[in-house]
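Chain residues, written in single-letter form:
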Amino acid sequence: MAIGSTARKVLWARSADLCAYPGCLQRLTVNLHDEGSQSLEAAGIPLGEEAHIISGSPEGPRYDASYPVEKVDSYENLILLCPTHHRLVDKKDGSGFSVETLRQMKSEHEVSRSILKSGPEKRLEDIELRTLAMVEVWTRKANLADWESLTWKLNVPVVRLPQSDIDLLAEQAEWAMMRNWPIQYPELRRAFSNYTAVLRDMVNHIRRSMKPIEGREEVWEMYREYKHRTMSQPEYDASLHDFEYRTDLLCELSWELTKAANFVCDSVRLELDPLFRFDEGVLPHRVGDGIFVNNFTREEYGRLELDRPEPYVGLGALQERVKTQGGASR
């Protein structure tokens, strides 16, 4: 597991970017765990360290085998410290600082910072944290950790999807459509509105173009009429062309959805959390059968697209593009 955006944001906000060790109050810079951070550290700029109160490793300080694994990287088990005091509290396997001592240290530090904040500041902080929590729900519903697999499944020569995958896409579309994103984050509102529009069109296209496989109703396949009845040559050609068109349109929609999802991620980094998916990078798009064709690409909106109220041009424009190009943009 890893420390999530919400846990990190709460920790830094409530600690006011200051070391929680009594009397230290060292102003801290976010530690990105990369070469850039090493340069900051070399310049003498203190980096904040999100220290675990209870270690997740048996060899770590204050390890407790009974502590739930899912809570190890949670806010309740983290304390913000400067490098000096992080080393101090973990010295000799943490024997000098008990779990209770560190929790009390954290609590007293956060209370001391809280009383200095005004009512409006606290309300804005609450809005920020709740919004970030909704973003984390989206990352799970959209399964960003396995995005490459999703796009690959949507772009094989004959698309087959489990009914459960289609249901999850539909559920995600309904969830996204019903969210109220705060006006304090206009780019995030725009990005989610755009993403929802693409996802809704994709779900509708899947439901119109795919049918359950006979005898395997739990799996849906891009429907090929020419496989189910005898046809004349002109009918066969027309049916094949229709199948290829619907397959290409789904590819185009998956391409647009990847760009829309990356736009959401960029908006989160711009307005909420600069470290959101910092280590993971952009969401990839994969097309091919894995043997003869295997295209792995980075898909993001260009400047002209971002200058529109919504970067997504709509289903009608995609349909026209596929027809004009004679296929998808692969």
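Structure shown above.
Note that the structure is a prediction, hence the values are computed from the model and not measured.

What follows is about the overall build of the protein chain. Helix and strand counts for the protein chain come out as 11 helices and seven strands. Taken over C-alpha atoms, the radius of gyration comes to 25 Å for the protein chain, far larger than the 20 Å a tight globule of 330 residues would show. Burial statistics for the protein chain: of 330 residues in total, 47% are counted as buried. Entry remark: accessible area of the protein chain is about 17400 Å², with carbon and sulfur atoms responsible for 53%. Within the protein chain, the 53 negative side-chain charges are centred at a point lying 3 Å from the centre of the 42 positive side-chain charges.

On to the pattern of salt bridges. Oppositely charged side chains can form a pair if their charged atoms are brought close together. Scanning all chains against the criterion turns up 21 salt bridges. Between glutamate 256 and arginine 321 there is a salt bridge, and its shortest N-O distance comes to 3.0 Å. Here the residue glutamate 256 occupies a position in helix H9 (residues 233–271), and arginine 321 occupies one in helix H11 (residues 315–325), the gap between them amounting to 65 residues. Exposure remark for glutamate 256: the relative accessible area of 2% places this residue in the buried category. Of the residues examined, arginine 321 reaches a relative accessible area of 24% and is grouped as partly exposed. Each member of the salt-bridge network shares a partner with another, and the members are Glu252, Glu256, Lys259, Glu305 and Arg321.

Time to look at unusual backbone geometry. Most peptide bonds take the trans configuration, and most residues that are not glycine carry a negative phi. One non-glycine residue, aspartate 93, lies in positive phi territory at about 60°. Structurally, aspartate 93 can be placed in helix H3 (residues 83–94). Residue classification places aspartate 93 among the exposed residues on the basis of a relative accessible area of 55%. Residue asparagine 143 is not a glycine yet carries a positive backbone phi of 50°.

One broad trend across soluble globular proteins is that nonpolar side chains are buried collectively. Val135, Trp138, Trp147, Tyr195 and Ile206 are the most contacted members of the largest nonpolar core, which has 56 residues in total. Put simply, the parts of the chain that give this core at least two residues each are helix H5 (119–141), helix H6 (147–153), helix H7 (163–178), helix H8 (186–209), strand S5 (216–222), H9 and H11. The element best represented in this core is H9, accounting for 12 residues. Discounting residues that sit within four places of it in the chain, tryptophan 147 has contacts with Ala142, Tyr195, Leu257, Thr258, Ala261, Leu283 and Pro284. Membership of the second largest hydrophobic core comes to 23 residues, among which are Trp12, Ile54, Leu80 and Leu102.

Conventions and cut-offs
Residues numbered from 1 in each chain as written. Predicted model: local features only at pLDDT ≥ 70, side-chain atom pairs only at ≥ 80, totals over all residues. Heavy atoms only, no water. Helix = DSSP H or I, 4+ residues; strand = E, 2+ residues; numbered from the N terminus. Rg over C-alpha atoms; globule rule 2.2 N^0.38 Å. Buried < 20%, exposed > 50% of the residue type's maximum accessible area, 1.4 Å probe, protein only. Areas by Shrake-Rupley, 256 points an atom, 1.4 Å probe, with all protein chains shown as cover. Lys, Arg positive; Asp, Glu negative; His and termini not counted. Charge placed at Lys NZ, Arg CZ, Asp CG, Glu CD. Salt bridge = Lys/Arg side-chain N within 4 Å of Asp/Glu carboxyl O. Core = buried A, V, L, I, M, F, W, Y, C linked by side-chain atoms within 4.5 Å. Contact = heavy atoms within 4.5 Å.

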